[in-house]
Amino acid sequence: MTTMKRKIVFATNNAHKLEEVAAILGEEFEVLGLRAIGCTADIPETSDTFAGNALQKAQYVKEHYGYDCFADDSGLEVDVLDGAPGVYSARYSGGGSEENMTKLLHKLTGKSERGAQFRTVIALLIGEETHLFEGIVRGTIINERCGEGGFGYDPIFVPEGYDLTFAQLGSEVKNRISHRAKAVEQLAKFLRND
Ligand code: IMP
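Reading the values: rules and limits
- Residues numbered from 1 in each chain as written.
- Predicted model: local features only at pLDDT ≥ 70, side-chain atom pairs only at ≥ 80, totals over all residues.
- Heavy atoms only, no water.
- Core = buried A, V, L, I, M, F, W, Y, C linked by side-chain atoms within 4.5 Å.
- Buried < 20%, exposed > 50% of the residue type's maximum accessible area, 1.4 Å probe, protein only.
- Helix = DSSP H or I, 4+ residues; strand = E, 2+ residues; numbered from the N terminus.
- Contact = heavy atoms within 4.5 Å.
- Near = heavy atom within 4 Å.
- Polar contact = N/O pair within 3.5 Å; in protein donor to acceptor, adjacent residues only side chain to side chain.
- Areas by Shrake-Rupley, 256 points an atom, 1.4 Å probe, with all protein chains shown as cover.
- Nonpolar A, V, L, I, M, F, W, Y, C, P; charged D, E, K, R; others polar.
- Salt bridge = Lys/Arg side-chain N within 4 Å of Asp/Glu carboxyl O.
- Pairing = 2+ DSSP bridges.
- Axes fitted to C-alpha atoms, helices over the stretch in contact; angles between N-to-C directions.
- Arc of directions from axis to C-beta.

*Asks:* Before we go on, may I ask you to explain the nonpolar core in this structure?
*Replies:* Soluble globular proteins: nonpolar side chains tend toward being buried together. Residues Leu76, Val78, Leu104, Ile141, Tyr153 and Phe157 are the most contacted members of the largest nonpolar core, which totals 19 residues. Only strand E3 (69-78), helix H3 (97-107), strand E4 (115-126), strand E5 (129-141), helix H4 (166-169) and helix H5 (171-177) provide two or more residues apiece to this core. In terms of residue count, H3 provides more of this core than any other element does, three residues in total. Look past the residues within four positions of Tyr153 in its chain and what remains in contact with it is Leu76, Pro85, Ser89, Tyr92, Asn100, Met101, Leu104 and Phe118. If you look at the next biggest cluster of nonpolar residues, it comprises 17 residues, including Ile8, Phe10, Leu187 and Leu191.

Quick look at the structure:
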């Protein structure tokens with residue numbers, strides 16, 4: 001007997017994220033990205049919270065395409081900067097990742113308090129219900145870049161319990177302990193029991 005896979009849309013164009021999430025959700029689900037449902041729109045993300053942005057993306061898909069859907073939003077929150085760059089992590093400096101790290105390191109020059117966290121919020125719209133899932137990984141911002149792997153702020157973030165940056169730890173370790181992994185695990189647990 002063949003069982004129908006449950007179709008769910010992940011509001012992203014990032015093939016790497018899609019693959020990672022599909023692997024965690026497992027065989028029972030068919031995870032479709034935006035391209036697969038014919039959505040080429042630049043979905044607005046105008047909120048000043050992660051949850052707000054994730055909801056905005058998921059609601060756009062649900063309204064325009066009718067699918068059950070989830071969306072994520074993530075960023076880096078630095079304690080002494082009152083949670084900045086936060087939702088503005090990708091566009092912190094107006095340049096790319098290198099410029100973002102340079103700006104952050106500059107802001108932290110001479111500061112001994114280096115605590116920070118990566119946070120992901122996933123918004124799920126399923127049937128008539130809305131659910132939010134969160135993943136956090138605490139760590140510290142070091143003084144200079146270390147490592148070549150990863151993306152974004154990975155070369156300057158050392159997760160708690162490790163002596164290496166996310167860029168040095170490699171994807172296998174990172175995908176086990178990251179903010180995104182934790183949020184996706186919560187989502188997967190919910191969907192499997194639903
Ligand atoms: P997104 O919402 O997952 O696209 O993340 C927004 C921005 O937050 C990225 O462009 C990065 O600057 C930063 N960010 C999110 N997750 C990570 C991570 O795992 N490593 C490094 N930077 C990240």
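*Asks:* Any chance you could explain the environment of Pro44 here in plain terms?
*Replies:* Mapped onto the fold, Pro44 is located in the loop between strand E2 (29-32) and helix H2 (50-65). As for Pro44 and Gly66, which are separated by 22 residues in sequence, their C-alpha atoms are 18 Å apart.

*Asks:* Explanation requested: the site of the ligand in the structure shown.
*Replies:* In the vicinity of the ligand, 14 residues are found, and the nearest of them are Lys17, Ser74, Asp154, Lys174 and Arg180. Within the side chain of Lys174, one N or O atom sits 2.7 Å away from an oxygen atom of the ligand. One nitrogen or oxygen atom from the side chain of Arg180 is found 2.9 Å from an oxygen atom belonging to the ligand. Protein burial of the ligand: of its 470 Å² of free accessible surface, 85% is covered by the chains. For the shell around the ligand, the secondary structure elements donating two or more residues are E3 and helix H6 (179-193). Counting residues per element, the shell around the ligand draws most heavily on E3, which supplies three residues. Along the lines of polarity and charge, the residues of the shell around the ligand split into four nonpolar, five polar and five charged.

*Asks:* Is there a simple way to explain the pattern of salt bridges in this structure?
*Replies:* Opposite charge on two side chains permits them to pair, given that their charged atoms come into close proximity. Applying the stated criterion across every chain yields a total of nine salt bridges. Residues joined in a network through salt bridges with shared partners are Glu77, Arg119 and Glu134.

*Asks:* Even after reading the chapter, I still don't get the sheet that holds E2, so can you show me in this structure?
*Replies:* Working definition: the strands of a sheet are paired by backbone hydrogen bonds and lie parallel or antiparallel to each other. In space, the six strands of this open sheet follow the order E2-E1-E3-E4-E5-E6, with mixed pairing throughout. In the strand order of this sheet, the two ends are held by E2 and strand E6 (157-159), each with one partner. Strand-to-strand, the axes of this sheet are offset by a mean angle of 35 degrees, without reference to chain direction. Across 12 bridges, the pairing between E4 and E5 is antiparallel. When the bridges of E5 are listed, Thr120 appears paired with Gly135. The strands that helix H1 (residues 15-25) touches are strand E1 (6-10), E2 and E3; relative to E2, the one it contacts most, it runs at about 165 degrees.

*Asks:* I would appreciate a short explanation of the pairing of E5 in the present structure.
*Replies:* Remark: a regular strand shows side chains that alternate across the two faces of the sheet. Here E4 folds back onto E5 in antiparallel fashion, the turn holding two residues, of which Gly127 has a positive phi close to 60 degrees. Relative to E6, E5 runs antiparallel, the two sharing three bridges. When the bridges of E6 are listed, Gly139 appears paired with Pro159.

*Asks:* Hey, could you run me through H3 in this one?
*Replies:* The α-helix winds at 3.6 residues per turn, so residues separated by three or four positions along the chain end up facing the same way. Taken together, the buried positions of H3 are occupied by Asn100, Met101, Leu104 and Leu105. Along the axis of H3, the buried residues cluster in a sector spanning 130 degrees; they form a single face. On its buried face, H3 sits against E3 and E5.

*Asks:* Please clarify how unusual backbone geometry should be interpreted in this entry.
*Replies:* For residues besides glycine, phi is generally negative; the peptide bonds are generally trans as well. Between Ala84 and Pro85 the backbone carries a cis peptide bond, its omega angle lying at 0 degrees. Structurally, Pro85 is set in the loop between E3 and H3. The phi dihedral of Asp82 is positive, around 55 degrees, even though this residue is not glycine. Locating Asp82 in the fold gives a position in the loop between E3 and H3.

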